[in-house]
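Topology and contacts: notes
Residues per chain, in single letters:
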Amino acid sequence: MAEKETSGLQVLLSTLQSSSDRESILNILQVLTELLSVGTDRRIHYMISKGGSEALLQTLVDSAQTASPDYNILLPLLRLLVKVGQRDKKFGQKALELEALDVTLILARKNLSHNQNLIHCLWTLQVFASRVSTAAMLGINGAMELLFKVITPYSRKRTRIIRAATEVLAVLLKSKSNSRRAVNRGYLNGLLRLHQDWQNHDTSNDFIQIRRSLLICLKHITNIQSGREAFLGAQGMEILFATMQNYLGNQSMDAIISIVIQILRKCYPKSSLPLATANSYYSFSVPGGIASGLACTINEDDFEEEGEDEEDKDSDSAEMKEEDDDLETDLKNLTSKPVLNWTEEELKQYEAMCLELTHNFQELESKSGDEMSSKEELGIHQCTYFCHIPTQTLSSKTYCQEKDQSPQGLETRDTNLQESPLKQLQIMRSTVDLTYEEQVPGKISPYLSSNDQEEDFSSREVSKTQASFKEPPWCGEVCFCQNKNSFLSSSIRIDETSETVSTFLKRHPMDIPFHNPYTYIAKAEGTNSVPGFKVLAFPDVWGHHSPPFPQTMLERKCGIQRTKIFEDVQRFLQPDKVIGRVVFSLDEPWLLQNNDTTECLKFFSGFESGNLRKAIQVREFEYDLLINADVNCAQHQQWFYFKVSSMKASRPYRFNVINCEKVNSQFNYGMQPTMYSVKEALQGRPHWVRVGYDICYYKNHYRQNSAAGTPGKCHYTLTFSVTFPHNEDVCYLAYHYPYTYTAMMAHLDLLEKNVNHKKVYFQHQVLCQTLGGNPCPLVTITAMPESNSSDHLQQLRQRPYQVIVARVHPGESNSSWVMKGTLEFLVSSDPIAGLLRESFIFKIIPMLNPDGVINGNHRCSLRGEDLNRQWLSPSAQHQPTIYHTKGLLHYLNNIGRTPVVFCDFHGHSQKKNVFFYGCSIKETLWQAGCTVDTSIVTEDVDYMTLPKILDKVSPAFAINSCSFLVEKSRASTARVVVWREIGVLRSYTMESTYCGCNQGPYKGLQLGTHELEEMGATFCLGLLLLQLKSLTCSSQFMAQASALLDAREDILGHQLHRSSSGGSIDMELDDEPPCMEEIDYSTDYSSDQETDIYELDQQIQEIALVETVGDGEDKNGVDYRTLSSPELYVSKHWTSKHGASP
């Protein structure tokens, strides 16, 4: 049967080409039309495979070359050609070879006054031009000149013809040779005039598709340099800017506005950043030189005009969809274990880092009493909260109580060590909407409001607060010098410092778990920075307490991105309205002294983790900000942390961070930056909170420099607005919740002094010294042996190891908050924590890149290199923290103590939720499409157990976002190296979002420090449940764990079954849904298809239906075939298909 059908179609096609009988040709065309008008495109592709395109083209040539062409044959033939040609990728080339291009052009020229015949020719030319080479040939043969005879200024006559002609012209101009020809012949000016005319007269928006096609023509012409120059010379920027002003808020005009935005941004003259050099302001002399390029001055010669393909990376994964060709498909590479290149002597040095294996624990008994008393002197408070969402709104009195405190420290509070951090897990997520008052997205919460009641919360306290703000000593930060205990402000003598701090604590008492300002200040003395910071930021000294309210993700305001871009364009068109005053610059330090009298904000970032290089006042309440590149580097500008003061309350201030590098950001999907108000803190609310509205992230016109390794690419702008709650406040703004190196060291010190040393073995050692001279801490946590007997000591020494590291990328401060939660849980009195200590030895390196954190880097070390790409062959001289971490892992492996789990805590800027990256041979091969022989490739699937557990017990974790692929580009990361070389099956990177969750109990909420710390605690719970599922789990451990979990059934039951309770997990969690306003400014970008296949098919069907009506024009010349109105239809079709921006 198939052979008969095949032969039947071939007979029809053969007859069509050879027959000269008019009736036979018409019958065959009718049969083919009916055959292809039903069913799917499969029939058309089948016909193409049998030579259908060639047969139709040859028939066209033969029919058109007769003395008197028969249009009864040509019109159905041309309709078939359009239908088939849109599905045939080689159609243009076939038409060129059969000389159908010239024939169709001749037919079009002959029918300029005959609408019906002309529109068929135009549709066919449009299909021919879909191939660039064919379009170029049409341009050479005069197709554009023909089209400009058809395209007229605004008229309600022949609109169908004009629309078809503009669509053909738009397709032709995709060819750069045609675009150059259009520029050389002055067609660009004509297109601008046509655009203005149609734009001004089409007030009822009946002909959006004509206007859109004209704009697409301009878009294609401006893809080339000469086109952009001609566009600027013809005042195209001014014309488009003026014509679009009234349409910005009109969602029905998205088809027009999106193209205008692309043209304006593309033609906005590219310029260098307003910086003296692309390299970091700070440099550091390191042994062996720096990894990045030499410092270089920004100049236009570094820029390339074309080639704007974007690429980025983040943490353990690319910040783009991994391509299959990046997957490791070499089975030998996946399964082989590299030969150990460490000698026994080199590994022996790490024996000192595992004292728990050799210690007799006798002398610790005499120390425990002294250490326990020292914690009472310091008044450290045990952290006993890990609730997901508070059940009630806490008043400021909870955190600001009138207590007497000694100058030596905070008041000691009796802490209930038996209260479990996991008890709060029983709080149901359904209470979220009932617990808190509705907050306006993007606005500062009631705890940061500016109402009169807040300002006058207590006349006595206000007077003290205001007085303190007028005192020079604090002014938002603490200054210190290098002598011990000599921390002071600029106007306080050394011997007055302790008294000043105590005075502030008496005036504004606080109660923040595991935080002590005195400890922080003392630890800051030992922190070494490249700039030699002399100032401590107020939030770091004073401390942060998680606010007692959840913060929802910001809802994106419709049209906000295009509004911001138009405001940027306005700067170029109206430079006289731009202030352009530099108010802060590391390169110009004298500005700090000269701007005291100006009416502008004051900026400062000279403190640990601070990063702001320059601030420029653009308008009265708008500032461009430039962040510093990583030390000894010319790139990685993303993290920011700076102080701002001298603001006016209730005024919206706009901040534009103009030199970001990542191609996309969660700031486009609900994320907000964080802010800390000093006045709020002194009023009892020491909170970092999410703030900002009118937030968007988009590509700008500032070129990246070749020193950054990305010549020709542009930077990105993060823009957001903030309304400050108080006049003359001191506020700190940051990319994410800051967590400094000094905060980590102070935290470890407080933990060590606070733990019950009779039960908890807490060993704080120095792994190594960093390049900057800062100690990298190594923490060991396990349970103390019950006694010094050999049996109890042996039981301790046989415990398996768990290794956890974090903060290899300095800008990923969220990973430090997760680590903080892990540490506090492991040393807590929670019975589950106790069982974990009795079962495992935890080796924890809480900060792998101290130097980067201290100096405000986003990604790199002081050598300007990504330490998470140095694990294959680290150097003790260049990458000491990675070298010694890997050495410790090799040592444990060498003595037969390979860790059960290795986990590297990271942060992710382009995905939501918390998730894992792991390693799987089979999943990698399957994803790459390789055949997997299960008899050869065997793999333990236990790597999936821990993520499955966390998906059930952790509200922020999403297994749908996890990936276990091994990529070639990740071969030198911790996850892959530890998996391959050390042999740790469960080697993971745990990524925590900067933003929030789109699934589970936290769906729609941004993650705060509270939720991040909670993630650290539930990670530990996951390790317990993992051990329960292990084959090596002892009966004693199983009995103990089961008893604890049974007792917590009311707490954990909801979480353990949340994944099966349905409905809370969204589809496609892996890929962030595209922002409806995202714009690609690449010169080669052509996502907006000029004419959809089905739109053109619809037009053909429409005209076929009205062929019997006649010419279709009444006596006034109005085309009544728009009765069925393809113009209006397509406008509606396009709007419904592409939608308006949300």
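Before any of the text, the structure's been laid out above.
In short, a report on the structure.

Definitions and limits used
Residues numbered from 1 in each chain as written. Predicted model: local features only at pLDDT ≥ 70, side-chain atom pairs only at ≥ 80, totals over all residues. Heavy atoms only, no water. Helix = DSSP H or I, 4+ residues; strand = E, 2+ residues; numbered from the N terminus. Buried < 20%, exposed > 50% of the residue type's maximum accessible area, 1.4 Å probe, protein only. Contact = heavy atoms within 4.5 Å. Areas by Shrake-Rupley, 256 points an atom, 1.4 Å probe, with all protein chains shown as cover. Pairing = 2+ DSSP bridges. Axes fitted to C-alpha atoms, helices over the stretch in contact; angles between N-to-C directions. Salt bridge = Lys/Arg side-chain N within 4 Å of Asp/Glu carboxyl O. 1 Å grid on protein atoms, 1.4 Å probe; cavity = no way out; pocket = protein on both sides within 12 Å on 5 of 7 lines; lining within 4 Å. Points joined across faces, edges and corners; volume = space filled by probe spheres on them. Nonpolar A, V, L, I, M, F, W, Y, C, P; charged D, E, K, R; others polar. Phe/Tyr/Trp six-rings, centres within 6.5 Å; stacked < 30°, edge-to-face > 60°. Lys NZ or Arg CZ within 6 Å of the ring centre and 35° of its normal. Polar contact = N/O pair within 3.5 Å; in protein donor to acceptor, adjacent residues only side chain to side chain. Parallel < 35°, antiparallel > 145°, perpendicular 65-115°, else oblique. Left-handed = near helix turned anticlockwise from the far one by under 90°.

1. A short note on the overall build of the protein chain
What the protein chain contains, in helices and strands, is 44 helices and 24 strands. Expressed as a percentage of the 1142 residues in the protein chain, the buried residues total 60%. A separation of at least 24 residues holds for 80% of the contacts in the protein chain among residues at least 6 apart in sequence. With an accessible surface of roughly 43500 Å², the protein chain has 50% of that area assigned to carbon and sulfur atoms.

2. Focus on the sheet that holds strand S12 (residues 674–677)
If you trace the 5 strands from one edge of the open sheet to the other, you get S7-S10-S16-S12-S13, paired in antiparallel fashion. Each having just a single partner strand, strand S7 (602–604) and strand S13 (688–690) make up the two edges of the open sheet. For this sheet, the mean inter-axis angle between neighbouring strands, taken without regard to orientation, is 30°.

3. Focus: the pattern of salt bridges
Going through the model one piece at a time under the given rule, you end up with 30 salt bridges. Between Lys820 and Glu1013 there is a salt bridge, with its nearest N and O atoms 3.3 Å apart. Taken together, the positions of Lys820 in helix H33 (residues 813–826) and Glu1013 in helix H40 (residues 1009–1028) put the pair 193 residues apart, joining distant regions of the chain. Connected via shared salt-bridge partners are Glu567, Asp568, Arg571, Arg619, Glu622, Asp624 and Arg654.

4. As for empty space enclosed by the protein
The method is simple in principle: a probe with the dimensions of a water molecule rolls over the atoms, and the space it marks as empty is what remains. Overall, the coordinates contain 14 cavities of 30 Å³ or more when judged by the stated rule. The computed volume of the largest cavity comes to approximately 300 Å³. As for the largest cavity, its lining consists of 24 residues, of which His515, His544, Tyr739, Trp817 and Lys820 are closest to the centre. For the lining of the largest cavity, the secondary structure elements donating two or more residues are helix H27 (538–542), helix H31 (741–754), H33 and H40. With 4 residues, the single largest contributor to the lining of the largest cavity is H31. Per-class residue counts for the lining of the largest cavity are 13 nonpolar, 8 polar and 3 charged.

5. Side note on the pairing of strand S18 (residues 775–783)
Most of S18 is tucked away, with 9 of its 9 residues classed as buried. Alternating residues of S18 divide into Pro775, Pro777, Val779, Ile781 and Ala783 and Cys776, Leu778, Thr780 and Thr782, and every residue in both groups is buried. Note: strand S17 (residues 760–769) against S18, 9 bridges, orientation antiparallel. Paired with Gln769 across the strands is Pro775, a residue of S18. Count of turn residues in the S17/S18 antiparallel hairpin: 5 residues, of which Gly773 carries a positive phi of about 85°. As paired elements, S18 and strand S20 (residues 841–845) share 3 bridges and run antiparallel to each other.

6. A closer look at the sheet that holds strand S9 (residues 622–626)
The mixed open sheet is built from 6 strands, whose spatial order is S6-S8-S9-S11-S15-S14. Every interior strand has two partners, whereas the edge strands, strand S6 (581–585) and strand S14 (693–703), have only one. Each adjacent strand pair in this sheet contributes to an overall mean axis angle of 25°, direction not counted. Pairing between strand S8 (residues 614–619) and S9: 5 bridges, direction antiparallel. The partner of Arg619 across the bridge, within S9, is Glu622.

7. Some details on the pairing of strand S15 (residues 714–723)
Here S15 lies mainly inside the structure; 9 of its 10 residues are buried. Where strand S11 (residues 652–660) and S15 come together, 7 bridges link them in antiparallel fashion. Each bridged residue has a counterpart across the sheet, and for Phe655 the counterpart in S15 is Phe720. Of the pairings in the sheet, the one linking S14 to S15 comprises 6 bridges and is antiparallel in character. Each bridged residue has a counterpart across the sheet, and for Arg703 the counterpart in S15 is Cys714.

8. Section: the packing of aromatic side chains
Between two aromatic rings, the relevant description is the distance of the centres plus the angle of the planes. Scanning all chains against the criterion turns up 42 aromatic pairs. Here Phe148 and Tyr187 contribute two aromatic rings whose centre-to-centre distance is 4.5 Å and whose plane-to-plane angle is 35°, an arrangement assigned as tilted. Of this pair, Phe148 sits in helix H10 (residues 143–150) while Tyr187 sits in helix H13 (residues 187–201), placing them 39 residues apart in sequence. Residue classification places Tyr187 among the buried positions, given a relative accessible area of 15%. The ring of Phe915 has Lys911 sitting right over it, with the charged end atom 5.3 Å from the ring centre.

9. Concerning the side chain of Thr742
Of note, Thr742 is situated in helix H31. A distance of 2.6 Å separates a polar atom in the side chain of Thr742 from a polar atom in the side chain of Glu608. Beyond its immediate chain neighbours, meaning those up to four positions away, Thr742 contacts Tyr520, Lys523, Ala524, Thr527 and Glu608.

10. Side note on unusual backbone geometry
For Asn205, which is not a glycine, the phi torsion comes out positive at approximately 60°. Mapped onto the elements, Asn205 comes out in the loop between H13 and helix H14 (208–221). Phi is positive for Gln235, close to 60°, though the residue is something other than glycine. One can find Gln235 in the loop between helix H15 (225–233) and helix H16 (236–244).

11. With respect to the packing of helix H38 (residues 945–953) against H40
Interaxial distance between H38 and H40 falls to 9 Å at its minimum, and their mutual angle equals 125°. Relative to H40, the element H38 is oriented oblique. Crossing angle aside, the handedness with which H38 passes H40 is right-handed. Contacts between H38 and H40 involve Thr945, Leu946, Ile949, Leu950 and Val953 on the former and, on the latter, Met1015, Thr1018, Phe1019, Leu1021, Gly1022, Leu1023, Leu1025 and Leu1026.

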